[in-house]
Amino acid sequence: MLKKITTVASVVLLSALTACGSGGGGGDTGSSGGTITMGFAQVGAESGWRTANTKSIQDEAKTAGIELKFSDAQQKQENQIKAIRSYIQQKVSVIAFSPVVETGWDTVLLEAKRANIPVILTDRSIDSDDTSLYKTFLGSDFVEEGRKAGDWLVANASGPTSVVELQGTTGAAPAIDRKTGFEEKIAAKPDIKVVASQSGDFTRSGGKQVMEAFLKSQPKIDVVYAHNDDMGLGAIEAIKAAGKVPGKDIKIITVDAVKDGMQALANGEINFIVECNPLLGKQLMDLAKKVVAGEQVPERVVTVEGTFTQEQAKAALPQRQY
Ligand code: GYE
């Protein structure tokens with residue numbers, strides 16, 4: 001079981017790993033002219049967060065002089081596994097990927113390890129006992145994000161509160177962890193109850209569809225907790241279509257803080273957003289260079305994040321990049 005680390009420090013946790021510990025600097029990099037090639041297996045293009053994340057990785061690879069081979073798995077694990085296998089065949093210097101789901105990676109990562117190609121996990125983690133299968137994991141603490149959402153609700157709910165939850169992709173680390181952190185915090189107020197919880201697959205259309213069903217099946221909905229902005233934005237459409245006012249009749253809490261989410265928050269249609277930072281490109285390229293050079297990297301690099309109220313969103317929007 002991957003250790004869930006809850007510290008919100010910016011960098012360095014646990015003991016450092018040496019990059020050469022389990023397979024060296026990878027491929028035939030350094031020797032063939034020094035250009036690092038990175039194979040990156042992306043989840044897909046399911047959300048505003050993902051689009052910003054992809055752009056950050058592509059831009060920062062260019063800036064760092066790293067040759068990027070990029071694939072989009074369309075939210076399917078088998079596509080990601082295929083992409084990783086092809087990167088192994090192409091003898092890239094380093095493989096980075098954001099695992100669609102947490103489990104089922106050992107076989108392909110063992111193949112990478114045997115081929116001497118280091119692997120970096122970014123954004124989402126895997127659930128494996130064998131931590132030698134990857135060099136480091138760069139990304140958010142999703143349990144902490146769920147806790148922040150729960151804390152806000154506990155502080156702002158009064159009386160019996162019925163919550164519907166729009167979960168992320170089934171089996172994905174952010175879906176599992178954001179649920180866990182939220183439940184942990186709302187347990188403090190037994191008046192708050194999650195009356196329905198279903199996956200909207202992190203997409204706007206998924207959020208809309210699930211919310212439409214909830215509005216039909218649930219006699220009373222006070223709050224929507226959506227695991228990302230896009231599903232929350234889909235829920236807003238469903239709520240309006242049902243003749244209710246999002247942000248007032250039904251309060252909405254989301255995670256990410258991408259531009260469209262922040263706009264809806266500033267407009268009063270979302271009530272609170274927990275930030276999840278997609279701009280991981282620069283840190284990823286720095287880690288890749290170190291790993292390929294056989295230098296030490298921390299086992300876990302956690303992204304620093306905040307939260308936004310409606311007032312804070314209004315203030316932050318003009319400078320928002322994504
Ligand atoms: O919150 C969501 C995206 O893994 C953190 O994936 C990421 C999540 C993000 O689809 O919008």
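Summarised in this report is the structure supplied together with it. Treat the numbers as computed from the prediction; the structure is a model and nothing was measured.

1. Quick look at the overall build of the protein chain
Step number 1: What the protein chain contains, in helices and strands, is 10 helices and 13 strands.
Step number 2: By the burial criterion, 55% of the 322 residues in the protein chain qualify as buried.
Step number 3: Of the contacts made within the protein chain by residues no fewer than 6 positions apart, 76% connect residues no fewer than 24 positions apart.

2. As for empty space enclosed by the protein
Step number 1: The final tally for this structure, using the stated rule, is four cavities of 30 Å³ or more.
Step number 2: Here the largest cavity defines a volume of roughly 100 Å³.
Step number 3: If you trace the largest cavity, you find 13 residues lining it, with Trp49, Arg50, Arg124, Arg178 and Asp256 closest to the centre.
Step number 4: Only helix H1 (48–64) and helix H5 (173–186) provide two or more residues apiece to the lining of the largest cavity.

3. Concerning the packing of aromatic side chains
Step number 1: Per the counting criterion, the structure on display carries four aromatic pairs.
Step number 2: Taken together, a centroid distance of 5.9 Å and an interplanar angle of 5° make the contact between Phe40 and Phe70 stacked. Here the residue Phe40 occupies a position in strand E2 (residues 37–42), and Phe70 occupies one in strand E3 (residues 67–72), the gap between them amounting to 30 residues.
Step number 3: We classify Phe40 as buried; its relative accessible area is 0%.
Step number 4: Here Phe70 falls in the partly exposed class, since its relative accessible area comes to 30%.

4. Re the sheet that holds strand E9 (residues 223–226)
Step number 1: Strand order in the open sheet formed by six strands is E8-E7-E9-E10-E11-E13, and the pairing between neighbours is mixed. Looking at strand neighbours, the two that pair on one side only are strand E8 (192–199) and strand E13 (307–308), the edges of this open sheet.
Step number 2: Of the strand pairs in this sheet, strand E7 (residues 161–167) and E9 are connected by four bridges, and their pairing is parallel. Within the sheet, the bridge partner assigned to Val164 lies in E9 and is Val224.
Step number 3: Sitting on the sheet, helix H6 (residues 204–217) touches E7, E8 and E9, and the angle it makes with E7 is about 150°.
Step number 4: Along the sheet, helix H7 (residues 229–241) contacts E7, E9, strand E10 (251–256) and strand E11 (272–275); its crossing angle with E10, the most-contacted strand, is approximately 155°.

5. Overview of the site of the ligand
Step number 1: Neighbouring the ligand are 13 residues, the closest being Glu46, Asp123, Arg124, Asn228 and Asp256.
Step number 2: For the ligand, an oxygen atom lies 2.8 Å from a polar atom in the side chain of Arg124.
Step number 3: Asn228 places a polar side-chain atom, nitrogen or oxygen, 2.8 Å from an oxygen atom of the ligand.
Step number 4: Protein contact buries 100% of the 300 Å² of open area that the ligand shows by itself.
Step number 5: Here the ligand occupies the largest cavity.

6. Considerations on the environment of Lys208
Step number 1: Relative to the assigned elements, Lys208 resides in helix H6.
Step number 2: Overall, Lys208 belongs to the partly exposed group, its relative accessible area being 30%.
Step number 3: Sequence separation between Lys208 and Met231 is 23 residues, and the spatial gap between their C-alpha atoms is 6.8 Å.
Step number 4: Contact partners of Lys208, with chain neighbours within four places excluded, come to Gly234, Ala235, Glu237 and Ala238.

7. Brief notes about unusual backbone geometry
For residues that are not glycine, phi is negative in most cases, and the peptide bond is trans in most cases.
Step number 1: Phi at Gln75 takes a positive value of approximately 60°, unusual for a residue other than glycine.
Step number 2: Its identity as a non-glycine residue notwithstanding, Asp123 has a phi of 75°, on the positive side.
Step number 3: Position of Asp123 among the secondary structure elements: in the loop between strand E5 (119–122) and strand E6 (136–139).

What counts and how
- Residues numbered from 1 in each chain as written.
- Predicted model: local features only at pLDDT ≥ 70, side-chain atom pairs only at ≥ 80, totals over all residues.
- Heavy atoms only, no water.
- Helix = DSSP H or I, 4+ residues; strand = E, 2+ residues; numbered from the N terminus.
- Buried < 20%, exposed > 50% of the residue type's maximum accessible area, 1.4 Å probe, protein only.
- Contact = heavy atoms within 4.5 Å.
- 1 Å grid on protein atoms, 1.4 Å probe; cavity = no way out; pocket = protein on both sides within 12 Å on 5 of 7 lines; lining within 4 Å.
- Points joined across faces, edges and corners; volume = space filled by probe spheres on them.
- Phe/Tyr/Trp six-rings, centres within 6.5 Å; stacked < 30°, edge-to-face > 60°.
- Pairing = 2+ DSSP bridges.
- Axes fitted to C-alpha atoms, helices over the stretch in contact; angles between N-to-C directions.
- Near = heavy atom within 4 Å.
- Polar contact = N/O pair within 3.5 Å; in protein donor to acceptor, adjacent residues only side chain to side chain.
- Areas by Shrake-Rupley, 256 points an atom, 1.4 Å probe, with all protein chains shown as cover.
- Sits in = over half its atoms within 2 Å of the grid points.

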